[in-house]
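Examination of the molecular architecture
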Amino acid sequence: MDPEVFEKWMMIILVGGLIAFMAFIIWDLAKKSKAGKLGTAILFLGLGLCLFAFIAKPVIGYIVEMTRGIPH
């Protein structure tokens, strides 16, 4: 297997696992603090925003490349 392909797959798998684990931590924090529905939503919005940005960055970059006709 080519090292670049391996690195790409490991990045997707391991970072995806880290994101899922961080979502579990936020949910557990909300449950233990008895935050309620609004508090849980605020926790996910505040703490999960960086996860969304991490996922959105490559998607936005891909969209910009495709609209400008830059070959991938």
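Preceding this section is the structure that the text describes.
Conventions and cut-offs
- Residues numbered from 1 in each chain as written.
- Predicted model: local features only at pLDDT ≥ 70, side-chain atom pairs only at ≥ 80, totals over all residues.
- Heavy atoms only, no water.
- Salt bridge = Lys/Arg side-chain N within 4 Å of Asp/Glu carboxyl O.
- Helix = DSSP H or I, 4+ residues; strand = E, 2+ residues; numbered from the N terminus.
- Buried < 20%, exposed > 50% of the residue type's maximum accessible area, 1.4 Å probe, protein only.
- Expected span 1.5 Å × (residues − 1).
- Bend = angle between axes of the 7 residues up to and from the residue.
- Contact = heavy atoms within 4.5 Å.

Time to look at the pattern of salt bridges. Applying the stated criterion across every chain, the model contains 1 salt bridge. A salt bridge links Asp28 to Lys32; the shortest N-O distance between them is 3.4 Å. Here Lys32 and Asp28 lie together in helix α1 (residues 3–32), a separation of 4 residues that amounts to about one turn. Residue Lys32 is classed as exposed on the basis of its relative accessible area, which comes to 64%.

What follows covers helix α2 (residues 36–68). For α2, spanning 33 residues, the distance from its first C-alpha to its last is 45 Å, which sits close to the expected 48 Å at 1.5 Å a residue. Where α2 bends most, the angle comes to about 50°, and this point is Gly48. The complete set of buried residues in α2 reads Gly39, Gly48, Leu51 and Ala56. Contact partners of the buried residues in α2: α1. Looking one or two residues past α2, Gly69 carries a phi angle of roughly 75°, positive in sign.

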